[in-house]
Amino acid sequence: EPFGAGNPLPVFGLYNMKIKAITPLSSNKHLRLTLARGETELTAMMFSTSLEEFPFSVGDTIDAAVTLDINEYMFAQSVSIVIKDCKYSCSQQEKYIDSYRIYEKFMRAERLTLGEINEIMPTREEFAIVYRAIQRIKKWNGSIDVLCARINDDTVSCGRLAFILRCMRQLGLIKLSEEGCVYTAELAENKEKVDLDSAKALIYLKNMLKDIIIKGDRF
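Because the structure is a prediction, the values reported are computed rather than measured.

(A) Geometry of the packing of aromatic side chains. As enumerated under the stated definition, the model contains six aromatic pairs in all. Here Phe56 and Tyr88 contribute two aromatic rings whose centre-to-centre distance is 4.8 Å and whose plane-to-plane angle is 70°, an arrangement assigned as edge-to-face. On the criterion of sequence distance, the pair formed by Phe56 in the loop between strand S3 (40-46) and strand S4 (61-73) and Tyr88 in strand S5 (residues 76-88) is long-range, its members being 32 residues apart. Since its relative accessible area comes to 1%, Tyr88 is described here as buried. Both rings, one in Phe106 and one in Phe163, keep their centres 5.3 Å apart while their planes meet at 75°; by these two values the pair is edge-to-face. On the criterion of sequence distance, the pair formed by Phe106 in helix H1 (residues 90-107) and Phe163 in helix H5 (residues 158-170) is long-range, its members being 57 residues apart. Note on Phe163: relative accessible area 0%, which makes it buried. Here the aromatic residues Phe54, Phe56, Tyr88 and Tyr96 are joined through ring pairs into a cluster of three or more.

(B) View of helix H3 (residues 124-137). Compared with the 20 Å implied by 1.5 Å per residue over 14 residues, the 20 Å span of H3 between its first and last C-alpha is a close match. Turning to H3, its buried residues number three or more, namely Glu126, Phe127, Ile129, Val130, Ala133 and Ile134. On an axial view of H3, the arc spanned by its buried residues comes to 160°, and they lie on one face. Summarising the geometry of H3, the exposed residues directed more than 90 degrees from the buried face are Arg124 and Arg136. The elements touched by buried residues of H3 are helix H4 (144-151), H5 and strand S8 (182-187). Looking at the residues trailing H3, positive phi occurs at Lys138, about 80°.

(C) Layout of the side chain of Asp63. Among the structural elements, Asp63 can be located in strand S4. The exposure class assigned to Asp63 is buried, which follows from its relative accessible area of 5%. From its side chain, Asp63 meets the backbone nitrogen of Asn16 in a polar contact 2.9 Å long.

(D) Geometry of the environment of Glu116. Position of Glu116 among the secondary structure elements: in helix H2 (residues 114-120). Residue classification places Glu116 among the buried residues on the basis of a relative accessible area of 17%. The spatial distance from the C-alpha of Glu116 to the C-alpha of Ser99 is 8.5 Å, given a sequence separation of 17 residues. Among all residues touching Glu116, those that are not within four sequence positions of it are Ile102, Lys105 and Arg111.

(E) Molecular detail of the sheet that holds strand S6 (residues 139-143). Here we have three strands laid out as an open sheet, ordered S6-S8-S7, and antiparallel in their pairing. Strand pairing shows two members of the sheet lacking a second neighbour, S6 and strand S7 (174-179), which therefore form its edges. Averaged over neighbouring strand pairs, the angle between their axes works out to 10° when direction is ignored. Across the sheet, H4 touches S6 and S8, and the angle it forms with S6 is around 125°.

(F) Molecular detail of the pattern of salt bridges. Tallying each qualifying case throughout the model produces nine salt bridges. Taking the shortest distance from any N to any O, the salt bridge between Arg132 and Glu125 comes out at 3.3 Å. Overall, Arg132 belongs to the partly exposed group, its relative accessible area being 44%. Given a relative accessible area of 45%, Glu125 falls into the partly exposed group. Among the ionic pairs, Glu126 bridges to Arg160, the shortest N-O distance being 2.8 Å.

(G) Layout of the environment of Phe56. The exposure class of Phe56 is buried, given its relative accessible area of 6%. When the C-alpha atoms of Phe56 and Cys86 are compared, they prove to be 9.4 Å apart, with 30 residues separating the residues in sequence. Discounting chain neighbours no more than four positions away, the residues touching Phe56 are Ile19, Ile22, Ile62, Cys86, Lys87, Tyr88, Val146 and Arg150.

(H) Representation of unusual backbone geometry in the model. Unusually for a residue other than glycine, Ser26 sits at a positive phi of about 50°. Examined against the element boundaries, Ser26 turns out to sit in the loop between strand S1 (12-25) and strand S2 (30-37). You can call Ser26 partly exposed: its relative accessible area is 47%. The phi angle at Lys138 is positive, at roughly 80°, despite the residue not being glycine.

Rules used throughout
- Residues numbered from 1 in each chain as written.
- Predicted model: local features only at pLDDT ≥ 70, side-chain atom pairs only at ≥ 80, totals over all residues.
- Heavy atoms only, no water.
- Phe/Tyr/Trp six-rings, centres within 6.5 Å; stacked < 30°, edge-to-face > 60°.
- Helix = DSSP H or I, 4+ residues; strand = E, 2+ residues; numbered from the N terminus.
- Buried < 20%, exposed > 50% of the residue type's maximum accessible area, 1.4 Å probe, protein only.
- Expected span 1.5 Å × (residues − 1).
- Arc of directions from axis to C-beta.
- Contact = heavy atoms within 4.5 Å.
- Polar contact = N/O pair within 3.5 Å; in protein donor to acceptor, adjacent residues only side chain to side chain.
- Pairing = 2+ DSSP bridges.
- Axes fitted to C-alpha atoms, helices over the stretch in contact; angles between N-to-C directions.
- Salt bridge = Lys/Arg side-chain N within 4 Å of Asp/Glu carboxyl O.

Shape is all these values report; function is a separate question.
Written out as structure tokens, the structure is:
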């Protein structure tokens, strides 16, 4: 308290909740989520969000900011849980942030360590994984960490994904815009074959790696 008219509802945190089910309601205008942690399972509502707009999938572990209310029906009371916002759980979030910071360091043209270079250096197969994912999603508009989790096969880190997307834009494979960590990406109408090694960002990163190897400097 205070609560009631003129005061905001208190917001509570539900942490490390695994999504067990996602059910569209009211012609896909709202979602009902079944969440679980350990032996505890509960149902929560997310209003004004369609299945296509919801960036998470069954099996994901999230942290959710929720409000609580009491429902009364047929003389019985139950707790109503409404999700106001959610994100991937803290452990996953920290991993994504650490990786993305290396990409930001690269974008500032700062010198990277050997380990940092390896963190964002992509393989040809990873380029293919990201390309197929964008092709499947059609158009992505959201945070880079959620996109990483959506397409990830446990090899493409968040920083590496951001690096791959920049290379793909330089090669004319995708249309890409960035506002901080929010990305909008979709395939470009480019039917010509491209040489992945010709991306300027990749050339720069490989030259940085060569310089470390030549100098034997792995600081």
